[in-house]
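Examining the three-dimensional arrangement
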Amino acid sequence: MLSRRLTALLALSGLALAAPVAAEPWIYSDGAGQTVALDEVPQRIIASQDAAAGLIPLGIRPVGIYADGPIADAKALQGLDLSGIEIIGQAWGEVDIEKAAALEPDLVIAEYWPLDKAWSGGEKVEVALSYLAPITGVTQGASILTLIEDYEALAQSLGADLSAPQIAADKAEFSAALDAFKAAAAAKPDLTVLAVWAGADALYVAATAGSAELVDFKSWGLKLIDPEIADDRGYWETLSWENADKYQPDLIIVDNRSPTTIETARSQPTWTLMKAAAAGQVADWPAFWLRNYRHYALALNDLTTAIKAADAGLAP
Amino acid sequence: MSQEAAPHHRRRAAALGLGLLALSLALLAIIVLSMTTGARAIPLDTVWRALIAADPTATEHRIIWDLRLPRTLVGVMVGLALGLAGAVLQGATRNPLADPAILGIHSGAALFVVLGVAVLGLTQLSQYVWLAFAGAGAAMLVVYSVASLGREGATPIKLALAGAAITAVLQSIISAILLTSPRTLDEVRFWQVGSLAGRSMDIALQVCPFIAAGIVLALSVARLLDGLSMGEDVARALGQRVGLSRALAGLAAVILAGAATAAAGPIAFVGLTVPHVARAITGPSYRWILPYSMLMAPILLLGADIIGRVIAPPGEVQVGIVTAFLGAPFFIALVRRRKLAAL
């Protein structure tokens, strides 16, 4: 009995000795307006797929990731090194809570979507994970660039070294890609672009304001067609395939989160009622998944190529 | 007795024949309506011009030819097939609740499609067709074999029980796959409800020969079904080979229901409800029930599809949802109004 107390006392004094050496408290104000305060900088992080895509290129490696779908299909994680990271969810709204608990997380990093008033993965995931560690993260806004800057600030607070050569190289590559994109858009001021998602039931036309990268493209000089009426949540206008030619853009960009979307579009007989589709002036829209300079540079380069190749006089 | 009955029979046959003519005209009318109704307003004269002198560069003409015509054709064929399949199954199994869903045909087709998407990674409707077909046939074969176990062979009650049991097994496998593979769920969601939208001419052409063969086979077993409906002993006493009759009828039903499911996904209630309405009009003879069911079902199906097209603009409601919505209360009303004719 006595010896056990003694051990406890010794352990406590050991802690007391170690305490002044430990890092300072960590404080972060998230997108939902909540502030998370921890006694020290969190080391073991569980991240949503998109948060992981924002953090990994900056040198912050989570211990666990929960994705919106099969991890192999996650565009946001393409090309990122996921070795040693436990995958604890592969469907929207689902997370393996036992695996998550076994990771003993200090912090959960997700993204806040103000239009839906929800965290990545939805309320069920948020509640389940909140028992293990506090949830925080950046907020979806009007630009992918501010999103990336928010990730940089977050990563820095978590101990990332933003002066690493790879990070600088990614940034340089992005600004070159951005200059080329702006030049290509400026060279074709009349080129109109329509962003769509295609289903077997209907064609969905994206509202520019619903997607941060579309807002970016517009601010960089691309002439995006905005649908007349968007649905309640402000993301899409639904067009029956009979009305697929309601808008006539010069270039169509198709949501590339799933490779089957473009196949579905091509299998619709009225897809080619849009002159751009008939002429093959179709490119990828990196929809909702850009979180770092590396991916953004690649996506912009693809778009620049498509803009340069497109005939701007196609639509009236 | 027979001298008195003969003119009465002839009058009745004439009336039923006139009824068939009226139904044919109604079907024609609904086909015209289907060609002229849609999310895009196209004037009648444009539709007419598109049909007689198609101009492949005119947008409206392309919508008529590429969207509405295949959709209408698939609707007519699926309707014909479902109505006939339901009537044949009810006759062959002497079970008033027999329909492609209860005998495992829908679940078999659905399981094969779900497996095709989950394992083979198929994503397009035209690839689903053969899988659905194979699945429908396989499920019916299993149901029939299970029901045939034991001394009495495949009696109506054993067929229904085997069908229900196999359906339950297949559905649980489907659920297991869909719950563990959200991507598959995402792909088959629209197919699973049953819809005529997005069906190209290829699909219509793929299933057309099967439905034609199924119609011929089904109509040719009408006499056998009449024999069966008097009870197996009577049928045997009349010199009919009961087992063979059932097998032929079952084959016709699998071909028809399999083709319908392949083209449009599992559509509920049409195959169940329509034969009862037909029976209420024609009386117990399958020589009349079959053609009546065959003409009434596409009227119901296309009608439901047209309602689905216009009820929720600018989107659409899948025909499978509309038929279930219309079919269920209609069926309840029918049950309440009169005792269903015993089979």
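Since this is a predicted model, take the numbers as computed values, not measurements. (Residues numbered from 1 in each chain as written. Chains lettered and ligands numbered in written order. Predicted model: local features only at pLDDT ≥ 70, side-chain atom pairs only at ≥ 80, totals over all residues. Heavy atoms only, no water.)

**Notes on the overall build of chain B**
Just so we agree on the cut-off: The helix and strand labels rest on DSSP assignments: H or I over at least four residues marks a helix, E over at least two residues marks a strand, and numbering proceeds from the N terminus. For the radius of gyration, the atom set is restricted to C-alpha positions; the globular benchmark scales as 2.2 Å times the number of residues to the power 0.38. Note on classification: 1.4 Å probe, protein chains only; a residue is buried when its accessible area is under 20% of the maximum for its type, exposed when over 50%, partly exposed between these limits. All accessible areas in this document rest on Shrake-Rupley with a 1.4 Å probe, and a residue is counted as covered only by the protein chains that are shown. Two residue types count as positive, namely Lys and Arg, and two as negative, namely Asp and Glu; His and chain ends fall outside the count. Lysine's charge is taken at NZ, arginine's at CZ, aspartate's at CG and glutamate's at CD.
Check the secondary structure of chain B and you find 14 helices and zero strands. Reading the secondary structure of chain B in the N-to-C direction produces α-α-α-α-α-α-α-α-α-α-α-α-α-α. Against the compact-globule benchmark of 20 Å for 343 residues, chain B has a radius of gyration of 21 Å, which places it among compact chains. Projected onto its principal axes, the C-alpha positions of chain B cover 65 × 55 × 35 Å. Classification of the 343 residues of chain B by burial places 53% in the buried group. Accessible area for chain B stands at about 15,100 Å²; split by element, carbon and sulfur atoms hold 70% of it. Between the centroid of the 25 positive side chains of chain B and the centroid of its 15 negative side chains there is a distance of 10 Å.

**Description of the overall build of chain A**
We count it as follows: It only takes one pair of heavy atoms within 4.5 Å for two residues to be counted as in contact.
Across its full length, chain A carries ten helices and 14 strands. Relative to its full complement of 316 residues, chain A shows a buried share of 50%. Taking the intrachain contacts of chain A between residues at least 6 apart in sequence as the baseline, contacts between residues at least 24 apart amount to 69%. Accessible area of chain A: about 14,500 Å², with a carbon and sulfur share of 56%. Each charge class in chain A can be summarised by its mean position, and for the 21 positive and 42 negative side chains these summaries are 1 Å apart.

**Points about the domain arrangement of chain A**
Interface size is often expressed as the accessible area that is lost when the parts come together. Residue and element names in this part refer to chain A. Formally: Domain start and end points were adopted from an automatic or database domain assignment. By buried area we mean how much accessible surface two parts lose on assembly, using a 1.4 Å probe and totalling the loss over both. What makes a salt bridge here is a side-chain nitrogen of Lys or Arg within 4 Å of a carboxyl oxygen of Asp or Glu, nothing more. We define a polar contact as two N or O atoms separated by no more than 3.5 Å, with the added condition that, inside protein, one atom must be a possible hydrogen donor and the other a possible acceptor, whereas residues neighbouring each other in sequence contribute only through side-chain atom pairs.
As far as domains go, chain A holds domain 1 (23-162) and domain 2 (172-309). Once you take the C-alpha centre of each, domain 1 and domain 2 turn out to be 28 Å apart. Interface of domain 1 and domain 2: buried area, both sides summed, is about 1,900 Å²; carbon and sulfur atoms make up 58% of it. There are two salt bridges connecting domain 1 and domain 2. Between Arg291 and Asp50 there is a salt bridge, with its nearest N and O atoms 3.2 Å apart. Counting across the interface, domain 1 meets domain 2 through six residue pairs in polar contact (both at pLDDT 80 or more).

**Here's the deal with the packing of helix α4 (residues 105-119) of chain B against helix α7 (residues 182-193) of chain B**
Residues and elements named next belong to chain B. Here is the rule we go by: Helix axes are fitted to C-alpha atoms over the stretch in contact, other axes to C-alpha atoms as well, and angles between N-to-C directions run from 0 to 180 degrees. The scheme is simple: roughly parallel for angles under 35 degrees, roughly antiparallel for over 145, roughly perpendicular for 65 to 115, oblique for anything else. By the definition used in this description, the sense in which the near helix is turned from the far one sets the handedness, with an anticlockwise turn below a right angle giving left-handed and a clockwise turn giving right-handed. Lys, Arg, Asp and Glu make up the charged group, whereas Ala, Val, Leu, Ile, Met, Phe, Trp, Tyr, Cys and Pro make up the nonpolar group; the residues left over, Gly among them, are polar.
In the contact formed by α4 and α7, the axes pass within 9 Å of each other and the chain directions differ by 140°. Between α4 and α7, the crossing angle belongs to the class labelled oblique. Here α4 and α7 pass one another in a crossing that is right-handed. Taking contact as the criterion, the partners of Ala109, Ala110, Val113, Val114, Val117 and Ala118 in α4 are, on α7, Arg183, Thr184, Glu187, Val188 and Trp191. Of the residues contributing to the contact of α4 with α7, the split by class is eight nonpolar, one polar and two charged.

**Some thoughts on helix α9 (residues 222-229) of chain B**
Side chains three or four residues apart in an α-helix point the same way, a direct result of the helix having 3.6 residues per turn. Residue and element names in this part refer to chain B. Along α9, the residues that are buried comprise Ala222, Leu225, Asp226, Gly227 and Leu228. Residues of α9 that are buried in the fold lie against α3 (59-93), α8 (201-220), α10 (232-237), α11 (242-264) and α13 (286-311). Gly231 sits one or two positions beyond α9 and adopts a positive phi of about 105°.

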